[in-house]
Amino acid sequence: MNKKEKILIYGRNGICNGIIKPPFGFIFSRFCNAKKLETVCQGSIQQADNYGRVDYRFEYDFLTNSWNKKSLAY
């Protein structure tokens, strides 16, 4: 797994407490928001819309440990 395929979560004691993976079929591209865990992820060509765009914005839901797709990223 490379750095675009996971987020490592560390506690204050420096011990890794968990891993957050990107949505299925996507890789991390960049982070967007300081208040919530939001990221832009790149999908494959199979996930492209009619115009060929493959970048989508996702928000992480800590209660369900899942990503929610918000919108296309520009």
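The notes below deal with the structure included here. (Residues numbered from 1 in each chain as written. Predicted model: local features only at pLDDT ≥ 70, side-chain atom pairs only at ≥ 80, totals over all residues. Heavy atoms only, no water.)

### Section: the overall build of the protein chain
Helix and strand content of the protein chain: 0 helices and 6 strands. Going residue by residue from the N terminus, the α and β elements of the protein chain occur as β-β-β-β-β-β. If you line up the protein chain on its principal axes, its C-alpha atoms span 45 × 25 × 20 Å. Among the 74 residues that make up the protein chain, the fraction classed as buried is 26%. In the protein chain, of all internal contacts separated by at least 6 residues, the share reaching a separation of at least 24 is 15%. Of the roughly 5,600 Å² of accessible surface on the protein chain, a fraction of 52% belongs to carbon and sulfur atoms. For the protein chain, the separation between the mean place of its 12 positive charges and that of its 6 negative charges on side chains is 5 Å. (Helix = DSSP H or I, 4+ residues; strand = E, 2+ residues; numbered from the N terminus. Buried < 20%, exposed > 50% of the residue type's maximum accessible area, 1.4 Å probe, protein only. Contact = heavy atoms within 4.5 Å. Areas by Shrake-Rupley, 256 points an atom, 1.4 Å probe, with all protein chains shown as cover. Lys, Arg positive; Asp, Glu negative; His and termini not counted. Charge placed at Lys NZ, Arg CZ, Asp CG, Glu CD.)

### Some points on the nonpolar core
With 10 residues, the main nonpolar core is built from Ile 7, Ile 20, Phe 26, Phe 28, Cys 41, Tyr 56, Phe 58, Tyr 60, Trp 67 and Leu 72. Of all the secondary-structure elements, those providing two or more residues to this core are strand S3 (26-33), strand S5 (55-61) and strand S6 (66-72). (Core = buried A, V, L, I, M, F, W, Y, C linked by side-chain atoms within 4.5 Å.)

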